[in-house]
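Architecture and fold: a report
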Amino acid sequence: MVARVIPVDCFDLVIFGATGDLARRKILPGLYRRWKEGQIPEGAVIIGAARSEMNVDGYREMIRAALDEFLNPSERDPEVMQSFLAMLDYVAIDARGEGGWKALAGKMRGDMVRAFYLSVAPALFGDIAARLHEHGIANRASRIVVEKPFGNDLESARALNDVLAGHFHEDQIYRIDHYLGKETVQNLMAVRFANILFEPLWNAQFVDHVQITVAETVGVGGRGDYYDHSGAMRDMVQNHMMQLLCLIAMEPPHHFEPDAMRDEKLKVIRALDPLAPGDLVRGQYSGDGGDDYLLESGNPDSMTESFIAMKLQISNWRWKGTPFYLRTGKRLKSRVSEIAVTFKEPPHSIFGESNLWRENVLVIRLQPDEGMDLRVMIKEPGPGGMRLKDVALDMSFAEALGNDLDIPDAYERLIMDVIRGNQTLFMRGDEVEAAWAWVDPVIAAWEARGDRPEPYDPGSTGPEGALMLMHRDGRRWREIR
Ligand code: BG6
């Protein structure tokens, strides 16, 4: 299937932290793919900026190696690679000093879209933003892109928002949550708002509960130091899971447009009830050998959670009374991200007690095997009366849309949106603050109680407590296969 590719305006894109892991693993391979698809216009320039002293040839070599490592063999095309590398420039820069800024200013061209991607520690946001202005590099039309973690709590997030607001207007700031760039996450909006089918049932009257699962098989690996100060709540819930929750629970915006979308998401976060201690389970993987959180994090006394499960309640007219169960964790049985909306029982069964009723469930699979299935009741074929059976109306996107379906990486989509000037899939400052405002007291409460996370076996589905969170409500988690 040939996708419709809309080229963007010509641009100067400066990537700060251009030698770092994210730039090499995601940002530059993503840009390469867009170049290969013809979406990046001739004449666009990508300027790597980092501390290392290097000339442009050195940088191009570094990125050639990164592309070799992180692109699939089928994506590599020597000619395209050559022309892509020719688009790269490099400047050695001292974010906190003066070195390199004049050189960078000299590279900026008149009428281009200017975008600055800050793939650096948040502590540097302020310095970089200030220097971009002092040296006349950024102007009112420029865009600045920042990565997570956007703060560690409400106070630090506010401080970051203030620092950025000191130099850029909100409509110039692109806060990345890469989950919003995932095709299947965007599909949630299409499923909800491009079909009449689900919306009338999408409320507490008809939905029994919603489960959101993001299970990973990876551990904290080499990121132990960062992760141990973060944990699943800050690393996954405050941002990615909260965004998924918003997209599932929000009211239909009047238009698929940045502020309309973000206003509705914000209302969901603000309507979240404070979390009761009993509605929270934290876990930490604990195994023999290398598969142990305490060993991997390098902190033998760590009380950080690598798993979290929660029961959330949204107090608004649509959702009051329908719980949302969220769980995410590392070193689990398999890698699965999905959202399951379980509907209520029909008000009356005409088929009698002997027929076992099963819930209708709409499952939206985000990764892997992106797709949707809807469990419905049918008559079991054959004699023996009216025996009912639940079956899945299963749709794999790859099958439905063609097996060569190429689902673009989240970063590709998001970077192109920055160039287009479309903020719909980026978080607004007040949204981020509202998420922290909900998360902070939950963390403060477990810290005050001195709660230890419950150990769970690597490769399992998480701690016992998480199962109990559901069982006590007469429900169960969907299996992580
Ligand atoms: C990142 C987290 O934001 O998202 C990681 O910091 C996590 O800990 C990752 O592994 C998950 O992203 P994805 O796209 O692999 O689901």
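That block above? That's the structure.
Quick summary incoming for the structure in this document. (Residues numbered from 1 in each chain as written. Predicted model: local features only at pLDDT ≥ 70, side-chain atom pairs only at ≥ 80, totals over all residues. Heavy atoms only, no water.)

Points about the overall build of the chain
Worth spelling out the cut-off: Secondary structure elements are taken from DSSP: a helix is a run of H or I of four residues or more, a strand is a run of E of two residues or more, and numbering for both begins at the N terminus. Atoms considered for the radius of gyration are the C-alpha atoms alone. The globule rule reads 2.2 Å times the number of residues to the power 0.38. Only protein chains enter the accessibility calculation, which uses a 1.4 Å probe; a residue is then buried when its area is under 20% of its type maximum, exposed when over 50%, and partly exposed in between. Only heavy atoms enter the contact rule, under which two residues are in contact if any of them lie within 4.5 Å. For every accessible area listed, the method is Shrake-Rupley and the probe measures 1.4 Å; residues are considered covered only by the protein chains on display.
Helix and strand content of the chain: 15 helices and 15 strands. For 481 residues, the compact-globule estimate of 2.2 N^0.38 gives 23 Å, and the C-alpha radius of gyration of the chain, at 24 Å, lies within 12% of that figure. Seen through its C-alpha atoms, the chain measures out along the principal axes to roughly 80 × 55 × 45 Å. Looking at the chain as a whole, 52% of its 481 residues are labelled buried. Across the chain, contacts joining residues at least 24 apart in sequence account for 76% of those joining residues at least 6 apart. Of the roughly 21,500 Å² of accessible surface on the chain, 52% is carried by carbon and sulfur atoms.

A look at the nonpolar core
Applicable threshold: Buried Ala, Val, Leu, Ile, Met, Phe, Trp, Tyr and Cys residues that are joined via side-chain atoms within 4.5 Å together make up what is termed a nonpolar core.
Formed by 147 residues in total, the largest nonpolar core has its most connected members in Phe16, Leu31 and Phe84. The leading source of residues in this core is helix H9 (residues 231-249), at 12 residues. With near-sequence residues (within four places) excluded, Leu31 lies in contact with Leu13, Ile15, Ile40, Ile46, Phe84, Ile415 and Met416.

A short note on the packing of aromatic side chains
Applied cut-off: For Phe, Tyr and Trp, where Trp contributes only its six-membered ring, two rings pair if their centres lie within 6.5 Å, and the inter-plane angle classes them as stacked under 30 degrees, edge-to-face over 60, or tilted in between. Only Lys NZ and Arg CZ are tested; either one counts as a charge over a ring when it is within 6 Å of the ring centre and within 35 degrees of the ring normal.
Using the criterion set out here, one finds 11 aromatic pairs in the structure. Measuring from centroid to centroid gives 6.2 Å for Phe198 and Trp202, while their planes differ by 65°, and the two rings are edge-to-face. Take Phe198 and Trp202: they sit in the same class, and that class is buried. Ring plane angle 75° and centroid distance 6.0 Å describe the contact between Tyr325 and Trp477, whose orientation is recorded as edge-to-face. With Tyr325 in strand S10 (residues 324-329) and Trp477 in the segment after helix H15 (464-471), this pair connects stretches of sequence that are 152 residues apart. Across this residue pair, the class does not change: Tyr325 and Trp477 are buried. Among the aromatic residues, those joined into a cluster by ring pairs are Tyr227, Tyr285, Tyr293, Phe307 and Tyr456. Above the plane of the ring of Tyr179 lies Lys182, whose end atom (NZ or CZ) is 4.6 Å from the centre.

Section: the site of the ligand
Worth spelling out the cut-off: One heavy atom within 4 Å of a molecule or strand makes the whole residue count as near it. Polar contact criterion, stated in full: a pair of N or O atoms within 3.5 Å, where within protein one must be able to donate a hydrogen and the other to accept it, and residues adjacent in sequence count only if both atoms are side-chain atoms. Residue polarity follows a fixed list, in which Ala, Val, Leu, Ile, Met, Phe, Trp, Tyr, Cys and Pro are nonpolar, Asp, Glu, Lys and Arg are charged, and the others, Gly among them, are polar.
Surveying the vicinity of the ligand reveals the residues Lys148, His178, Tyr179, Lys182, Glu216, Arg223, Asp235, Met236, His240, Lys330, Arg335 and Gln367. Interatomic distance of 2.8 Å between a side-chain N/O atom of His178 and an oxygen atom of the ligand. A distance of 2.6 Å separates an oxygen atom of the ligand from a polar atom in the side chain of Lys182. Taken by itself the ligand offers 390 Å² of open surface, and the protein chains cover 80% of this. For the shell around the ligand, the element with the most residues is H9, which contributes 3 residues. Within the shell around the ligand, the residues separate by chemical class into 2 nonpolar, 3 polar and 7 charged.

Observations concerning the environment of Ala410
Among the structural elements, Ala410 can be located in helix H13 (residues 410-420). Sequence separation between Ala410 and Tyr179 is 231 residues, and the spatial gap between their C-alpha atoms is 7.0 Å. In this structure Ala410 touches His178, Gly181 and Lys182, once residues within four positions along its chain are discounted.

Notes on the packing of H9 against helix H10 (residues 258-270)
Condition: Where helices are involved, their axes are fitted lines through C-alpha atoms of the stretch in contact, as for all axes, and angles between N-to-C directions lie from 0 to 180°. Note on angle classes: values under 35 degrees are labelled roughly parallel, values over 145 roughly antiparallel, values of 65 to 115 roughly perpendicular, and the remainder oblique.
Taken N-terminus to C-terminus, the directions of H9 and H10 make an angle of 105°; their axes are 9 Å apart at the nearest point. Taken together, the axes of H9 and H10 are roughly perpendicular relative to one another. From H9, Met242, Gln243, Cys246, Leu247 and Ala249 reach across to H10, where they touch Met261, Lys265, Val268 and Ile269.

Quick look at the pattern of salt bridges
Going by this rule: The term salt bridge refers to a pairing of a side-chain nitrogen on Lys or Arg with a carboxyl oxygen on Asp or Glu at a separation within 4 Å.
Going through the model one piece at a time under the given rule, you end up with 41 salt bridges. The partner of Asp259 in a salt bridge is Arg262, with the nearest N and O atoms 3.5 Å apart. Taken together, the positions of Asp259 and Arg262, both in helix H10 and 3 residues apart, correspond to about one turn of that helix. You can call Arg262 buried: its relative accessible area is 1%. Here the residues in one salt-bridge network are Asp259, Arg262, Asp263, Arg428 and Asp430, joined through shared partners.

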